[in-house]
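Fold and contact review
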Amino acid sequence: MSFSGNVRARRPASPPPGFSHPPPTSQRFPHPREDHLDADERRAAASKGYGPGRTKAYPPGGLNLTSGEFKLLFVIVVIASAVRLFRLSKPNSVVFDEVHFGKFASKYIKTQYYVDVHPPLAKLLLTLAAFVFGYDGNFDFKDIGKVYENVPYVAMRMLPAGLGVATIPLAYLTLRALDCRATTALLASLFITFENGLVTQSRHILLDSPLVFFTALTVFLWVGFCNEDKHKPFTASWWTWLTLSGLSLGAVLSCKWVGLFTVATIGLNTVYQLWVLLGDLRVPPKLFLRHFIARAICLIAVPILFYMSMFAIHFAILQNSGDGDGFMSSEFQHTLGGRGMADTFADVALGSKVTLRHVNTQGGYLHSHPHNYPTGSKQQQITLYPHRDHNNDWLVLNGTQDGDPAVDWLDRPLQYLTSGTRIKLRHASTEKHLHSHDHRPPVSDVDFQNEVSAYGMKGFIGDANDDWIVEITDGDKRDKESYKRVRTLRTTFRLRHALQGCYLFSHKVKLPDWGYEQQEVTCNKNAVKDNSLWFIETASNSKLPDDAPKVNYRVPGFLSKFWELQRVMWTTNAGLTDRHSYDSRPDSWPRLRRGINFWVKDHHQIYLIGNPLVWYLSTAAVVAYFVIRGFLILRAKRGYRDFDNSKVLKYDALCGFFFMGWALHYFPFFLMQRQLFLHHYFPRTLLCDPAIVFGIAAVFIILAIWNFHHLSPLAYGNPWTRAQCEKAKWLKTWDFSCNDFHTDISHYYLPAATPQKSSPASFTTIGGEAGGRAPIVVEDKHKAEQEAQNAQNKETDTAAGQMGKPEPGVDVFAEKPVNDAKSSGNVEGVVKEDQDTREVEKEVSSIAPEAQTTIDAAAAVAAEPKKEEAETSSASSSSSSTTESSSTASEEKKVPAEEKEKKEPKDIPAVAPKGPAGPLDEMDMEAKKVAEELYPEAAGA
């Protein structure tokens, strides 16, 4: 059938006078062309959440909020503030990793250099809060539970808490920018508000709250940019959103290196965008190149510059020497205040006084001090010491047998050290030689390691075990002579023992307390080359003229310092493999198998655990997306056209983005062997929870709030009973200690007990009636048994509490003692037993004087009415009561000597055990018995 030929088109009506005819329109396309979308464009618009014909003014970032939503946002912020700021000042003592990050704030304020595995942005923000509120940096943040003194800790906690509050409206705005309904965005923001783990983490001086905030900010800004890109690229608004996205990427990376996963999420999404543009034939190559360059500048260059600028601020503040010096190179240390060095002679010859430094471990200087090894040869110790000291000075002497090496260098021409030179190194302070022999080192007790010691005495020439052969390994390309002979700061060399063939060696093994935790030095027959390299830092020689060439460290620039610190951070981060009491592996995180014990004190506890409902729903949502997406793919293979549905396309793109973010923030942790915690899973909250809220009814919010309230005592450190705690343990793997809580909630509100001496309540007085016998004090056995039982229960509770003792994360850069397992043994247990024994002895000694005072008082009362009778009584009446005669000193004086002799056995050995002779001795015996029952180990000792 044809629709042409005989069909006459109707002429349009004439316009009113003064108006021209409207432009002709096609009957096939009745709408104006600017409102028309063909099939491909309509499908693309539907995937972006748009309908055809949208011609309203485009809101910034595609964020179209009503006035009512602004009021709703205000309510959300108020609720979030109430949840996260509630009792922020409690506890008033150090919690979990506040031990580290509070200490770093002190370092910034004191401008003392330190090293940490995390970038500096979040720590700088915490320091800013402390500085503004007058913190002087003098609190040491040494232990969990240490009460804050002169520290604005509430202001410091306010920063992460405030960022935690700001994260919640960002989640709402992100979902609204994704064209989700307001109810959907509200549900997601409330889920995040009442997530126990995020609440706990954001209330303390920690880095995770800034990390989560900048992750949320990055996602929000990126969604806004994507909306602008869909609407119209290369506008001022487009550039603004793109640049802010890059800055936010730099910020999240500058808080923690976990932010690299956020960078990867945005990076993959960018690659997808460029891939789509590349396949769009309507986009010319020049336009595609503009898109590529703009994204490269804003999403690569801008984050890198922001990241580097944070380290520039870091270096600008930390200008003075601190406890992080030893982890940096000598050149780096030379830039710090207090570590500068005067120019030193470039040439090293026999007779030079030198200081030697180890190249690889940055352990410090070859060092000796007048303390001997406790094992092996028991000769003087040789160590590496990280600070400058006169005990680092060594005199280079001739090691040949043709004369006294201490003086022959004065009578000969200047002889430089070259490869193959045989030398002795004499310690300048103790005049002993660097020595090695066939003895095993005290710590690295293996066959291929020999002990290195200082051996000899003043005037002693030494023996062949003091001789070392110089082997030059490398020089400085700008100093050609440094390859031919040893030059200060320019030549690296090895020292080979002349007899044993081993190399002077050091590694990151510390000596025990007897070695002052300094680094071990050995002579290694299988030495790793990097750990057996040395260089001369300073050299002086009386035979060198004053105008002889001198050298000094080259001052490294910012880039050199920056790259060196990145290497130290990377190497150390990868080496954090030691286990922690509350670490966990990634496979347990989606199931919420265990949390982290942050703080326990005074029957209160803070334990990081997630909201079970929110946690398990988010995990279920990830699984559901994976299953449904696979099902839709199978249906598409069978010819179904589900992806022609605009809603399916919209939610597929939305959930796919969040799923990709979740996967990139989760699966890389399986590749890490380092120490991991539950809080490493927190950035996934913003990339997982929004995907679960579709179709979730308000009942789930009520359940989430109930779950939050149920576990809130662990987030806030509120009073809780032991029974409530046990009921809250949904999983056996939740290892918060219920024994730390009172059995009754009313016990938290009782007035604090005043410390008193031990009460004699377990003793009772018998007698003392008018006209009766004198009063005596005897033990109330029932009361004593009850007190013993209470003490045993207290011991059990204490043991249970110690099992759940919180400890901070490992700070490998902190200077702390490393004990030798062989020499230390179970020292801690022995010390504890000794302390427990002393406590029992103190308790007994505090009871005994009270009892003695009571006895004396009773005796005085009894003696008053019977004073005259006592003076005239016979010897038999005076001995009628053994207890009376032993409890009153005045009556004991009245007893005749012959009666005393009758009561004393004449054939008792001199070392016979003494039995109880009265109430006081019975009390001592009973106290000793109780002590033996409570502390059998101490009794056995």
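Everything quoted here is computed from the prediction, not taken from an experiment.

Before going further, it helps to spend a moment on the overall build of the chain. Helices and strands together make up the secondary structure of the chain, namely 27 helices and 18 strands. Every one of the 941 residues in the chain was classed for burial, and the buried ones make up 47%. Counted over contacts in the chain with a minimum sequence separation of 6, partners at least 24 positions apart contribute 74%. Surface accessibility of the chain: about 48200 Å² in total, with carbon and sulfur atoms responsible for 58%.

Another point: the nonpolar core. Formed by 120 residues in total, the largest nonpolar core has its most connected members in Tyr-113 and Phe-598. The element that contributes the greatest number of residues to this core is helix H8 (residues 208-231), accounting for 12 residues. Ranked by size, the runner-up nonpolar core spans 29 residues in total, among them Val-354, Ile-423, Val-486 and Ile-536.

Moving on: the side chain of Asn-552. Turning to its location among the elements, Asn-552 is positioned in the loop between strand S14 (550-551) and helix H13 (558-574). A distance of 3.4 Å separates the side chain of Asn-552 from the side chain of His-334, its partner in a polar contact. Setting aside anything within four residues of it in sequence, one finds Asn-552 in contact with His-334, Met-341, Ala-342, Asp-343, Leu-489 and Arg-490.

On the surface, Phe-74, Val-75, Val-78 and Ile-79 cluster together into a nonpolar patch covering about 350 Å² of accessible area. Position of Ile-79 among the secondary structure elements: in helix H2 (residues 67-85).

Per the counting criterion, the structure on display carries two disulfides. Note that Cys-502 is cross-linked by a disulfide to Cys-523, the S-S spacing being 1.9 Å. Between Cys-502 and Cys-523, the S-S torsion sits near 100°, and that sign places the bridge as right-handed. Residue Cys-502 is located in the loop between strand S10 (492-497) and strand S11 (503-510), and its partner Cys-523 is located in strand S12 (residues 519-524); the two are separated by 21 residues in the primary sequence. Taken as a pair, Cys-502 and Cys-523 share a single burial class, namely buried. Here the disulfide map of the chain reads 1-2, 3-4, the bonded cysteines being numbered as they appear in the sequence. Of the cysteine sulfurs around Cys-180, a residue in no disulfide, the closest is that of Cys-655, at 8.3 Å. What makes Cys-180 buried here is its relative accessible area of 3%.

This part covers the packing of H8 against helix H9 (residues 236-255). Two elements in contact, H8 and H9, have axes whose closest approach is 8 Å; the angle formed by their N-to-C orientations is 160°. Considering their axes alone, H8 and H9 lie roughly antiparallel with respect to each other. Of the two elements, H8 crosses H9, and the hand of that crossing is left-handed. Broken down by class, the residue content of the contact of H8 with H9 amounts to 16 nonpolar, six polar and two charged.

Before going further, it helps to examine the packing of aromatic side chains. Summed over the entire model, instances satisfying the criterion amount to 45 aromatic pairs. Of note, Lys-561 hangs over the ring of Phe-315, and the distance from its end group to the ring centre comes to 4.8 Å. Over the ring of Tyr-640 we find Arg-635, and its NZ or CZ is 4.1 Å from the ring centre.

Oppositely charged side chains can pair when the atoms bearing their charge come close. If you walk through the whole model with that rule in mind, you get 28 salt bridges. With a closest N to O distance of 2.7 Å, Asp-347 and Arg-487 form a salt bridge. Here Asp-347 is found in the loop between strand S1 (344-345) and strand S2 (353-358), whereas its partner Arg-487 is found in the loop between strand S9 (468-474) and S10, with 140 residues between them in sequence. Owing to a relative accessible area of 11%, Arg-487 belongs among the buried residues under this scheme. Because the salt bridges share partners, they merge into one network encompassing Asp-347, Asp-479, Glu-481, Lys-484, Arg-485 and Arg-487.

Turning next to helix H16 (residues 698-716). With 19 residues, H16 extends 26 Å from end C-alpha to end C-alpha; this agrees with the ideal 27 Å at 1.5 Å per step. At His-710, H16 shows its maximal bend, which comes to roughly 50°, and the proline Pro-713 appears one to four places after that position. Every buried residue belonging to H16 is among Ile-701, Ala-704, Asn-707, Phe-708, Leu-711, Ser-712, Pro-713, Leu-714, Ala-715 and Tyr-716, and all of these are buried. Of the surrounding secondary structure, the elements contacted by the buried residues of H16 are H2, helix H6 (182-193), helix H7 (196-201), strand S16 (604-608), helix H14 (612-637) and helix H17 (722-728). Gly-717 lies just past H16 and shows a positive phi near 70°.

Let's shift gears to the pairing of S16. A large share of S16 lies buried, amounting to five of its five residues. Burial along S16 is two-sided: the face carrying His-604, Ile-606 and Leu-608 and the face carrying Gln-605 and Tyr-607 are both buried. Once strand S15 (residues 596-601) ends, the chain turns through two residues before running back antiparallel as S16, passing Asp-602 with a positive phi of about 50°.

Looking along the chain, the bond that leaves Lys-90 and enters Pro-91 is cis, with omega of -5°. Along the chain, Pro-91 turns up in the loop between H2 and helix H3 (98-110). Non-glycine residue Asn-150 carries a positive phi angle of around 55°. Mapped onto the fold, Asn-150 is located in the loop between helix H4 (121-132) and helix H5 (153-177). Positive phi values are uncommon outside glycine, yet Asp-179 reaches one of about 70°. In this structure Asp-179 comes out as partly exposed when scored by relative accessible area, which is 32%.

This paragraph deals with the confidence of the model for the chain. Summary statistics for the chain give a mean pLDDT of 78 and a share of 71% for residues scoring 70 or more. Ignoring residues within four places in sequence, the model shows residues 689-695, a span with pLDDT below 50, making 24 contacts including any to other chains. Scored below 50 in pLDDT, residues 757-762 makes 12 contacts in the model with residues more than four places away or belonging to other chains.

A few words now on the pairing of S9. Regular strands place their side chains on alternate faces of the sheet. When strand S6 (residues 422-427) meets S9, the two strands line up antiparallel, connected through two bridges. Following the sheet pairing, Ile-423 is matched in S9 by Trp-468. Pairing between S9 and S10: six bridges, direction antiparallel. Among the inter-strand pairings, Trp-468 is bridged to a residue of S10, identified as His-497.

Criteria and cut-off values
Residues numbered from 1 in each chain as written. Predicted model: local features only at pLDDT ≥ 70, side-chain atom pairs only at ≥ 80, totals over all residues. Heavy atoms only, no water. Helix = DSSP H or I, 4+ residues; strand = E, 2+ residues; numbered from the N terminus. Buried < 20%, exposed > 50% of the residue type's maximum accessible area, 1.4 Å probe, protein only. Contact = heavy atoms within 4.5 Å. Areas by Shrake-Rupley, 256 points an atom, 1.4 Å probe, with all protein chains shown as cover. Core = buried A, V, L, I, M, F, W, Y, C linked by side-chain atoms within 4.5 Å. Polar contact = N/O pair within 3.5 Å; in protein donor to acceptor, adjacent residues only side chain to side chain. Patch = residues over 30% accessible without salt bridge, like charges linked within 9 Å, V, L, I, M, F, W, Y side chains within 5 Å. Salt bridge = Lys/Arg side-chain N within 4 Å of Asp/Glu carboxyl O. Disulfide = S-S within 2.5 Å. Axes fitted to C-alpha atoms, helices over the stretch in contact; angles between N-to-C directions. Parallel < 35°, antiparallel > 145°, perpendicular 65-115°, else oblique. Left-handed = near helix turned anticlockwise from the far one by under 90°. Nonpolar A, V, L, I, M, F, W, Y, C, P; charged D, E, K, R; others polar. Phe/Tyr/Trp six-rings, centres within 6.5 Å; stacked < 30°, edge-to-face > 60°. Lys NZ or Arg CZ within 6 Å of the ring centre and 35° of its normal. Expected span 1.5 Å × (residues − 1). Bend = angle between axes of the 7 residues up to and from the residue. Pairing = 2+ DSSP bridges. pLDDT = per-residue confidence, 0-100.

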